[in-house]
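# Understanding the architecture of this molecule
Here are the chains, one letter per residue:
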Amino acid sequence: MTLVWTIAIVLSLLAVIDLVVGVSNDAVNFLNSAIGSRVATRRTIFWIAGVGVLLGTFFSAGMMEVARKGVIYPQSFFLTELMIIFLAVMIVDILLIDTYNTLGFPTSTTIAVVFELTGAALAIAFIKTSGSLSGESVLSDYINTGRVFLLFSGILVSILFAFLAGALVQFISRIVFSFRYQGRFRLLFAMFGALSVSGILFLIFKKGIDASSLWDNPLINWSGEHPFFSFLMVFVGTFFLLYLLALLFQVDIPKMVVLFGTFALALSFAANDLVNFIGIPLAGIESFRAFLTAGNDLSPDTFGLTFLSDDWLRNHGFQDWIYGTFFLGSGIVMILTLFYSRKARSVTETEVYLGRQHAGQEHFEPSQLSRILVRQFLRFYGKADGLLPGKMRKFISAKYKKNDDEAVGKKVDGVIYFDTLRASVNLIVASILISLGTYWGFPLSTTFVVFMVAMGTSLADQAWGRESAVYRISGVLSILGGWFITACLGFLGAFFLTLLLWWGTWIALVAALGFMVLYLIKSTKYHRKRQIENEQFKKEISNEIAQNIGWMRNSGSETIRKMMLESSKIYLLLVQGLLEEDSAKLLEVKDKTEGLSGRVKGAKTEFFRAMSSMPEESQDPGQFFIQALDYLTELSNTLMAMVNPVCDHVKNQHKGLVEYQREDLTGILEETTSFFNFMVHLEKDKKFAMLPEMIQRQQALFALIEGFRLNHIRKIRSGHGKTRINIIYMELLGETRNLVTYSVNLVKSLKIFFE
């Protein structure tokens, strides 16, 4: 009894945490179009979405039945069993979704909850049948397997269909309106806007309001019985309103569509996906309340839950002040999360960057599959383009002609995202697909649909050019793979945690909650640290670079200097980690090296893009600055060449350095650190007259390295040392020499540049 009490209280607290991590991930569904097109300030967009979220919570009562009976059969479990299932699902869901948020990956919370419930229920079924789960008939007594497989297959179909639909509609829209539509096409835009608003309203009625009993009145009932006439009336009324506003007040119709669509999709999200976050705690609380009111002579281990199969919450949820307060509190928590969650911004940024209009620093590295897909597409495109008549090719090319920033949207923070036309297409296509899926009873995930539509419109808008396609496709494939990993990890995590909670009871409960809290704290610190580094990098590589050579003399030079210091710090930590055989320190070194490599690559990308807009007199000396960046790239590559084998060596628990090797590396570390400090001081104060002294220090360091190398070869000939550590030691000596060489060449390039 005490255990069930505790779980009921814990579920209420976990609901708040799950709301925060869930909204941080799912907010991208209704924010990316508005944020990507910059139709308003971020705060204004949040307020509009917040109002939609708050209203949507009061339409969500009907969807709560999914957590009660949509995946599992509650009548097959007793109260204690179901409470343990719900607790395991909530803990795993929080850990899983927070991991994706920290990495900036959007994932499907619907898939997570469905497979977590399936895994947890399977674990209890395994215990109840003493491990003899044989045959589909036994398994189907506990889990609604038909619905689970239907959901999974529906998602697979919707991925491809949403992508193709988004690409096709965007292509047609761009052919009709082109990139130069400002102040034109009022009549067409009014029709397009009316279609958009009507489709989105249809989504609200059929997927949001229709799921709630709050709106049980003749008008709503008539609309539900006559959807076509309702749609037609809304379309006609909206068309005349938008056309008059555009004609009389020069209102930007696509902008209005985006703002309204953001509100409507936020409402729909809260009405339908809120069950993913609080549906399970509500079902647990409802079960516990039913147990308390049934009498004190009952045991939670034998209390049946057949009543959960009824639609009680749909019909009576808001008549109970406890549930009404729960829904209202959920809306407030979601609004606060929109405004203050840093992780929500990371997830949104990932999707917006994948669809942005221009090339630049990419968030994903190309994979072999992405290269193959791009290569095959280019071959297909070349053949298809050759079949088109010349006049048609010219017509399409003219429609895709851009007028720099005005043609593709507002430029903010040096990044061009996309315009309001594409944002409107994103919203309307996603809304209609979700509406049709709901109307026909076809299972799909809103996250899948919204994301794949956005990727399809990006492709049709030629946002994936030769310079960026391989990176964007790699990103899309990574996120798609992440969704399937979500299903696997959710299922396995909930299955094993349920077994642990059942067998470990109090000890397992406390340990699981303690681990969850510690993990959330660590992930938040890691994310905050990464955000600070990204923001600092954006400040260093600002738009000043496109103005004149002054950026290179000041901010650019400072950026290179910081990266040189970072290289020195990485080298110091690397050698110390090998000497101490500290795998944790070496893992940190590896992360720092990868981060340095990314920042160097980003700096080069931004600089090359800005070279074309620099004054002519700045371009000639700028080549030496580019040369310095090239040497900086070699520095990061050299560090990576040292870090990987050292990390693998220590991680594999191979034997460490022998005594003379430790002494040699300690001496080299001291001399190399001193050399880097001298070199940075020389560059910072622009004391290039001391360059001969730096060369002398370099030669002395080379002589020291060569002496250690010859001594080591003699040791090997005499039979001392082990093969693996000998290789590591020799590689460190050689790469240290390269590190010093590239550093000196970097300073020489800066000297020529400044002179």
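Read on for an overview of the structure. (Residues numbered from 1 in each chain as written. Predicted model: local features only at pLDDT ≥ 70, side-chain atom pairs only at ≥ 80, totals over all residues. Heavy atoms only, no water.)

### Comments concerning the packing of aromatic side chains
One pass over the full model with this rule turns up 14 aromatic pairs. Geometrically, the ring pair formed by F239 and Y243 is stacked, given 6.2 Å between the ring centres and 10° between the ring planes. Placement of the pair is F239 and Y243 together in helix α11 (residues 227-249), with a separation of 4 residues, close to one helical turn. Geometrically, the ring pair formed by F675 and F676 is edge-to-face, given 6.4 Å between the ring centres and 85° between the ring planes. According to the relative accessible area criterion, F675 is buried, its value standing at 2%. (Phe/Tyr/Trp six-rings, centres within 6.5 Å; stacked < 30°, edge-to-face > 60°. Helix = DSSP H or I, 4+ residues; strand = E, 2+ residues; numbered from the N terminus. Buried < 20%, exposed > 50% of the residue type's maximum accessible area, 1.4 Å probe, protein only.)

### Quick notes on the layout of surface pockets
In this model, the second largest pocket occupies a volume close to 1400 Å³. Lining the second largest pocket are 33 residues; nearest its centre among them are F377, F380, Y381, L459 and A460. Those elements giving two or more residues to the lining of the second largest pocket turn out to be α8 (145-177), α17 (368-387), α18 (390-399), α21 (446-460) and α22 (469-540). Ranked by residues supplied to the lining of the second largest pocket, first place goes to α17 with 9 residues. Counted by class, the lining of the second largest pocket contains 26 nonpolar, 4 polar and 3 charged residues. (1 Å grid on protein atoms, 1.4 Å probe; cavity = no way out; pocket = protein on both sides within 12 Å on 5 of 7 lines; lining within 4 Å. Points joined across faces, edges and corners; volume = space filled by probe spheres on them. Nonpolar A, V, L, I, M, F, W, Y, C, P; charged D, E, K, R; others polar.)

### Overview of the side chain of S198
Note on placement: S198 falls in helix α9 (residues 186-208). Among the polar contacts made by the side chain of S198, one reaches the main-chain carbonyl oxygen of A194 at a distance of 2.7 Å. A polar contact is formed between the side chain of S198 and the backbone nitrogen of F235, at a distance of 3.2 Å. Once residues within four sequence positions are removed from consideration, S198 is found in contact with F231, V234 and F235. (Polar contact = N/O pair within 3.5 Å; in protein donor to acceptor, adjacent residues only side chain to side chain. Contact = heavy atoms within 4.5 Å.)

The values reported here are purely geometric and, on their own, carry no functional implication.
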